[in-house]
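Structure assessment
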Amino acid sequence: VQLVESGGGLVQPGGSLRLSCAASGNIYSGNVMGWYRQAPGKQRELVATSTGGESADYAESVKGRFTISRDGASNTVYLQMNSLKVEDTSVYYCNVVQFLLGRRFEYWGQGTQVTVSS
């Protein structure tokens, strides 16, 4: 499984960005796709995850500002980020977890930098 992210960049506080992550390879239904982030000197933290449909979980710090969505046909997951704050500055990583024959498989993207600064 390969994950290719895009959409990071520099944005002013209050601005918006949309991250995309295209998954290819052996993708199975029922997986969990999500986004994590890691700022310098900090641990990687969950931003949002989705099992598909209307089900999604968000970190408290991004609720109401970020929206995760998925396109099942293309195995792509998106993260729409609005009202960005300086503290949202991080490297954002795409993540896919799937299960096959009782085994758990986890995959990570290479990361995309999001910088929120005036």
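Throughout what follows, the structure given in this document is the object of discussion. Note that the coordinates shown come from a computational prediction; the quantities given were computed from them, not determined experimentally. Throughout, residues of each chain are indexed from 1 in the direction in which the sequence is written. With pLDDT at 70 or above as the cut-off, local features in this predicted model cover only qualifying residues; side-chain atom pairs require 80 or more to be listed or tallied, and sums for whole chains, interfaces and linings still use all residues. As a convention, hydrogens and water are excluded, and side-chain values are obtained from all of the structure's heavy atoms.

Quick notes on the sheet that holds strand 7 (residues 66–71)
Rules: Only strands joined by at least two bridges in the DSSP assignment are considered to pair. Only runs of H or I of at least four residues qualify as helices and only runs of E of at least two qualify as strands under DSSP, and these elements are numbered from the N terminus. Helix axes are fitted only over the stretch in contact, all axes being lines through C-alpha atoms; the angle between N-to-C directions runs from 0 to 180 degrees.
Across the sheet, 4 strands lie side by side as 1-3-8-7; this open sheet has antiparallel pairing. Here the strands that pair on one side only, and so sit at the sheet edges, are strand 1 (2–6) and strand 7. Averaged over all adjacent pairs, the angle separating strand axes in this sheet is 15 degrees, with direction ignored. With 6 bridges joining them, strand 7 and strand 8 (residues 76–81) adopt antiparallel strand pairing. Residue pairing in the sheet places Phe-66 in a bridge with Met-81 of strand 8.

Section: unusual backbone geometry
Worth spelling out the cut-off: The cut-offs for exposure are 20% and 50% of the maximum accessible area for each residue type, with area from a 1.4 Å probe on protein chains only; residues under the lower value are buried, those over the upper are exposed, and the others partly exposed.
The residue Ser-83 is not glycine, and still its phi comes out positive at about 50 degrees. Along the chain, Ser-83 falls in the loop between strand 8 and strand 9 (90–100). A relative accessible area of 41% means that Ser-83 is categorised as partly exposed. Here Leu-101, not a glycine, exhibits a phi torsion of approximately 55 degrees, which is positive. Inspection of the secondary structure assignment puts Leu-101 in the loop between strand 9 and strand 10 (103–108).

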